[in-house]
Amino acid sequence: MTAPGRRLSNGTMASYGFGAVAYGVKDAGFGTFLLLFYNQVVGLPSATVGLVIMMALLIDAFVDPAVGFFSDRTRTKWGRRHPWMYASALPIMVGWLLLWNPPSVMSEPQTLVWLFAMAVLVRTAVSCYEVPSVALTPELTSGYDERTRIMAYRYLFGWVGGLLMLLSAYKYFLAPTAAFPNGLLNRAGYSGFALAGALLIGVAILVSALGTHHEIKNLPHAPIARQTLRDSFAELRETVKNRAFAILMAAGVCAYTIQGISYAMSNYLYIYVWGFKGPTFVYLTIALFSGVFLAFLAAPRLGKSASKPKAAMTAVLCGAALNTSPYWLRMLGVFPEVGESMLLPTLFGFFILGTASNVTGFILGASMMADVVEDSEAKTGRRSEGVFFAGSFFVQKCTSGIGIFFAGMILAVAGFPAKATPGTVPVGTIDRLTLIYAGLYIALACVSAFFFSRFPFGRVEHEARLARLATTPVRES
């Protein structure tokens, strides 16, 4: 029942990877604009918005493993994963539109309830797509290096989706106007932003599901045993007790929380620290995509030539050093000032290399999670791709939960004012903001790197395990 170690065709790889655009759109919206929208545009307190979004994350702690578990046990003529993928498209699109269009007549408490409910709806629907979708990775191939290549494509397209939304927001939907010199505060622009995102999400999901539909006949089809609800929970507990899975979860919580804080803080840092305006955001998008493309090229090569755990650990540490250096250097007075010609080239150089390092770490970590599937199969006799990737996906959603909560707290502790005008925030406030942000970034990166260094196996152990599984029958799941 283990997937063959084959190389996927370019068409299958492209359509499967393109499905990650849906998550990229959601991630860019939640991570980059949601806190800003409800705080600076709608006018809710930043710490309260962060808390509400993190509370919504608690629901995901139950939804994600449930989706993974039931996806593993789904048996239809369309396989285990595709029915979930097809069914999730419309709910995500509707929830996305509602999230960005809260009725203006509501009171502050009512608006917070709306935010909570819509965040839960969107993330639950996204779970019903993304968990089964990404669980296809270890089913499509057992190849140690091919899995890294698959994840590189998914991260590339995921970032393409997110960066397309950033570019469309900065260039079109939230571009400066006479009425709104800071276009990010234009509430009407978010309606168009939401509609474009909903359409892109729907297209991405359907392209991915239809483009991989022909692979259903090639996927592992483990038999299902009849069991009680109690037995099902016992099986779930046995599965998630896997040591390698726990280590990756711990590393991922820290790494994705960093990303969540960075996303939520990004517009504050770009506008109020670095003085970005209009076309600068377009150049920023190009710089970030350059970093992602470097990771797309580098991660598979690093996975082949070096240990995945050590490469992921190194990438996380390099990313932290590169992404926080501009803030440390600014506080030391040795970084180009706002308005100087060398500011943007220097800053974008750090951002490109820092993004490349971070995304490389994420790709390698996701590839290692796919390898955990056979480790668990060898110990339990069951294939539980859905459960493992549900855990991985829950960790990723810390990006828009715990990360936004921390970002809201950073803004509150720094004393950052609501609806602030660029250029009027006191220098002391800016310094506190950047010091807290950079210090927290470094601390979380060190913890994440430590856990990556503790991952218990590599290529040799994985290939030996596949050889043993080839002669071992799979237990009913």
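These lines cover the structure that appears in this document, whether it is placed above or below. Owing to the predicted nature of the structure, the values given are computational and were not obtained by experimental measurement.

### Brief notes about a nonpolar patch on the surface
Piece 1. Taken together, the side chains of Leu 90, Val 94, Leu 98 and Leu 121 make up a nonpolar region of the molecular surface, amounting to roughly 320 Å² of accessible area.
Piece 2. For the nonpolar patch, the element with the highest residue contribution is helix α4 (residues 82–99), accounting for 3 residues.
Piece 3. Take Leu 98: its relative accessible area is 32%, and that puts it in the partly exposed class.

### A look at empty space enclosed by the protein
Piece 1. Taken as a whole and judged by the stated rule, the model has 3 cavities of 30 Å³ or more.
Piece 2. Empty space within the largest cavity amounts to approximately 850 Å³.
Piece 3. Lining the largest cavity we find 45 residues, and of these Trp 159, Gln 259, Tyr 263, Val 359 and Phe 362 sit closest to its centre.
Piece 4. Residue classes in the lining of the largest cavity are distributed as 29 nonpolar, 13 polar and 3 charged.
Piece 5. Of the volumes computed, that of the second largest cavity is approximately 150 Å³.
Piece 6. For the second largest cavity, the lining is made up of 15 residues, of which Leu 248, Gly 252, Tyr 256, Gly 365 and Ser 392 are closest to its centre.

### Some thoughts on the packing of helix α10 (residues 243–273) against helix α15 (residues 402–414)
Piece 1. Running from amino to carboxyl end, α10 crosses α15 at an angle of 50°, the nearest separation of the two axes being 7 Å. Accordingly, the angle class assigned to the pair α10 and α15 is oblique. Classified by chirality, the crossing of α15 by α10 is right-handed. Two secondary-structure elements touch here, α10 through Thr 257, Gly 260, Ile 261, Ala 264, Met 265 and Tyr 268 and α15 through Ile 402, Gly 403, Ile 404, Phe 406, Ala 407, Ile 410 and Leu 411.
Piece 2. Here the contact of α10 with α15 is built from residues that sort into 10 nonpolar, 3 polar and no charged.

Thresholds, definitions, all that
Residues numbered from 1 in each chain as written. Predicted model: local features only at pLDDT ≥ 70, side-chain atom pairs only at ≥ 80, totals over all residues. Heavy atoms only, no water. Patch = residues over 30% accessible without salt bridge, like charges linked within 9 Å, V, L, I, M, F, W, Y side chains within 5 Å. Areas by Shrake-Rupley, 256 points an atom, 1.4 Å probe, with all protein chains shown as cover. Salt bridge = Lys/Arg side-chain N within 4 Å of Asp/Glu carboxyl O. Helix = DSSP H or I, 4+ residues; strand = E, 2+ residues; numbered from the N terminus. Buried < 20%, exposed > 50% of the residue type's maximum accessible area, 1.4 Å probe, protein only. 1 Å grid on protein atoms, 1.4 Å probe; cavity = no way out; pocket = protein on both sides within 12 Å on 5 of 7 lines; lining within 4 Å. Points joined across faces, edges and corners; volume = space filled by probe spheres on them. Nonpolar A, V, L, I, M, F, W, Y, C, P; charged D, E, K, R; others polar. Axes fitted to C-alpha atoms, helices over the stretch in contact; angles between N-to-C directions. Parallel < 35°, antiparallel > 145°, perpendicular 65-115°, else oblique. Left-handed = near helix turned anticlockwise from the far one by under 90°. Contact = heavy atoms within 4.5 Å.

Interpretation note: all reported values are geometric properties and have no functional meaning in isolation.
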